[in-house]
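Survey of secondary and tertiary structure
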Amino acid sequence: MTPPVRIAVLGSADFARRRMLPAFAAHEDVALTAIASRDPDKARALAEAHRCRALHGYAAALEDDDVEAVYIPLPAALHARWTRAALLAGKHVLAEKPLATTAGETAELLDLARSRGLALVENALFPHHSQHARARELVASGAIGELRSFRAEFTVPRRAEDDIRYRADLGGGALSDTGVYPVRAALLALGDDLRVAGAVAVRDARLDVDTGGTALLHTPEGVSAQLAFGLDDAYRNTYAYAGTEGRLTVGRAFTPPADHAPVLRLERGGEVTEVRLAAEDQVARAVGAFARAVRTGEAPDPDVLRQAVLLEDIAARTAVAAKPGPEENELKDFRHVE
């Protein structure tokens with residue numbers, strides 16, 4: 001039997017605590033080995049809860065011979081730095097999205113991983129759920145006629161003012177946080193030859209980050225992708241294909257709970273058909289996929305770089321509408337804490 005991948009977690013991010021640490025602890029192909037944190041008390045508390053070792057500082061995990069791989073859930077601006085350091089230390093890497101804040105850095109990291117024979121995986125969870133493959137099968141079978149357009153939306157309500165997503169210096173903003181989801185969904189739905197026609201974003205002048213936006217992409221054949229993302233909106237989590245004869249909608253597309261049984265909604269000829277699917281744990285499936293990549297030497301997913309290029313192009317083509325804020329910046333004394 002193949003031994004489980006011994007993995008350490010860098011930091012104590014909320015998402016890591018809620019979703020990834022339990023998934024690591026439960027998966028037979030992964031052994032949660034250590035929690036590394038700049039705060040020894042946080043490391044100790046998390047390590048005790050998950051029955052693993054506590055390490056003081058991120059570098060300690062990279063120097064530990066018992067650690068084969070690291071998971072990096074740090075703020076986006078720190079992903080490239082610690083991914084590079086981990087690869088140079090000979091560790092496989094599972095990093096939160098986006099892998100880096102520029103397409104150039106993304107390409108560099110992917111090349112570094114290939115040159116060293118190491119797995120480098122961006123932690124995109126939703127593509128591991130089979131509801132998306134089923135939706136593509138229905139569209140390819142002609143269920144909605146000839147495909148004309150694709151629309152994807154992922155927006156969330158405003159969080160607390162001290163949330164790192166509102167920190168420009170830490171790589172915050174709606175495009176890099178929630179925008180990754182509809183962009184990756186468009187790549188899965190329409191293929192890798194997407195071009196950006198234009199984009200609009202709302203920028204919070206006080207925080208100096210984009211809090212929402214939309215982008216229009218298209219294929220060379222003229223199939224359009226209308227994408228929406230936001231950090232200050234009503235919750236939306238869906239995408240839909242539209243064709244000459246119908247429409248197929250996937251609800252709860254990006255973050256379905258493990259016990260959620262998806263229902264694809266097919267509208268055609270005035271009738272609605274519900275395609276019911278079995279519940280799946282996309283987090284567990286993603287963890288298993290990372291373990292396989294480590295053990296089999298699987299090459300990095302090319303969509304990671306394609307996604308980075310599209311995100312950069314969207315940012316470059318974005319027309320910005322300023323959202324006025326109070327003159328007093330309430331975050332001026334805030335300092336990043338894990």
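Parameters at a glance
- Residues numbered from 1 in each chain as written.
- Predicted model: local features only at pLDDT ≥ 70, side-chain atom pairs only at ≥ 80, totals over all residues.
- Heavy atoms only, no water.
- Helix = DSSP H or I, 4+ residues; strand = E, 2+ residues; numbered from the N terminus.
- Buried < 20%, exposed > 50% of the residue type's maximum accessible area, 1.4 Å probe, protein only.
- Polar contact = N/O pair within 3.5 Å; in protein donor to acceptor, adjacent residues only side chain to side chain.
- Contact = heavy atoms within 4.5 Å.
- Salt bridge = Lys/Arg side-chain N within 4 Å of Asp/Glu carboxyl O.
- Expected span 1.5 Å × (residues − 1).
- Pairing = 2+ DSSP bridges.
- Axes fitted to C-alpha atoms, helices over the stretch in contact; angles between N-to-C directions.
- 1 Å grid on protein atoms, 1.4 Å probe; cavity = no way out; pocket = protein on both sides within 12 Å on 5 of 7 lines; lining within 4 Å.
- Points joined across faces, edges and corners; volume = space filled by probe spheres on them.
- Nonpolar A, V, L, I, M, F, W, Y, C, P; charged D, E, K, R; others polar.

Our focus in this paragraph is the side chain of Thr83. As for its placement among the helices and strands, Thr83 is situated in helix α4 (residues 76–88). For Thr83, a relative accessible area of 0% puts it in the buried group. Within the structure, the side chain of Thr83 is placed 2.7 Å from the backbone oxygen of His79, a separation counted as a polar contact. Ignoring anything within four residues of it in the chain, the contact list for Thr83 reads Ile72, Val93, Ala95, Leu99, Leu109 and Leu120.

A few words now on the pattern of salt bridges. All chains considered together, the criterion is met by 35 salt bridges. We note a salt bridge from Arg151 to Glu153, for which the minimum N-O separation is 3.7 Å. Glu153 sits in the buried class, given a relative accessible area of 13%. With a shortest N-O distance of 3.4 Å, Arg165 and Asp177 are connected by a salt bridge. You can see Arg165 sitting in the loop between β7 (147–155) and α7 (174–177) and its partner Asp177 sitting in helix α7, a full 12 residues away along the chain. Of the residues examined, Asp177 reaches a relative accessible area of 22% and is grouped as partly exposed. Taken together, the salt bridges that share partners define one network made up of Arg6, Arg53, Asp64, Asp66, Glu68 and Arg295.

Taking 1.5 Å as the rise per residue, helix α9 (residues 282–296) with 15 residues should run 21 Å; its terminal C-alpha atoms sit 21 Å apart, in good agreement. The set of residues buried in α9 consists of Gln282, Val283, Ala286, Val287, Gly288, Ala289, Phe290, Ala291, Ala293 and Val294. The inward-facing, buried residues of α9 abut β1 (5–10), α1 (14–26), β2 (30–37), β4 (69–72), β5 (92–95) and β6 (120–122). Put simply, Asp281 is the residue that caps the front of α9, since its side-chain oxygen is 3.1 Å from the backbone nitrogen of Val283. Just downstream of α9, Gly297 is the residue with a positive phi angle, here 75°.

The element strand β10 (residues 224–230) is largely enclosed, with a buried count of six among its seven residues. Pairing analysis gives seven bridges linking β7 to β10, with the strands arranged parallel. Pairing of Ala152 across the sheet is with Leu227, part of β10. Bridging between strand β9 (residues 209–218) and β10 involves seven bridges; their strand directions are antiparallel. Looking across to β10, one finds that Gly213 is bridged to Phe229. In this antiparallel pair of consecutive strands, β9 and β10, the connection spans five residues, and Gly222 shows a positive phi of 95°.

Attention now goes to the sheet that holds β2. Paired through backbone hydrogen bonds, the strands of a sheet run either parallel or antiparallel to each other. What the six strands build is an open sheet, ordered β3-β2-β1-β4-β5-β6; its pairing is parallel. With partners counted over all chains shown, the strands left at the sheet margins are β3 (53–56) and β6, one partner each. Between one strand axis and the next, the sheet turns through 25° on average, direction left out of account. Strand direction decides the pairing type here: β4 and β5, joined by four bridges, are parallel. By the bridge assignment, Ile72 is partnered in β5 with Ala95.

Considered as a void within the structure, the largest pocket measures approximately 1000 Å³ in volume. Lining the largest pocket are 42 residues, and of these Ala13, Phe15, Ile164, Arg165 and Asp177 lie nearest its centre. When residues of the lining of the largest pocket are traced back to their parent elements, those giving at least two are α1, α4 and α7. Looking at which element gives the most residues to the lining of the largest pocket, the answer is α1, with five residues. What lines the second largest pocket is a set of 24 residues, and nearest its centre among them are Gly172, Leu175, Ser176, Asp210 and Ala315. Among the elements of the structure, α7, β8 (195–204), β9, α10 (302–316) and β15 (318–323) are those that each provide at least two residues to the lining of the second largest pocket. For the lining of the second largest pocket, the element with the most residues is α10, which contributes five residues. Looking at the lining of the second largest pocket, its residues break down into 13 nonpolar, seven polar and four charged.

Limitation: the analysis is restricted to geometry and does not speak to function.
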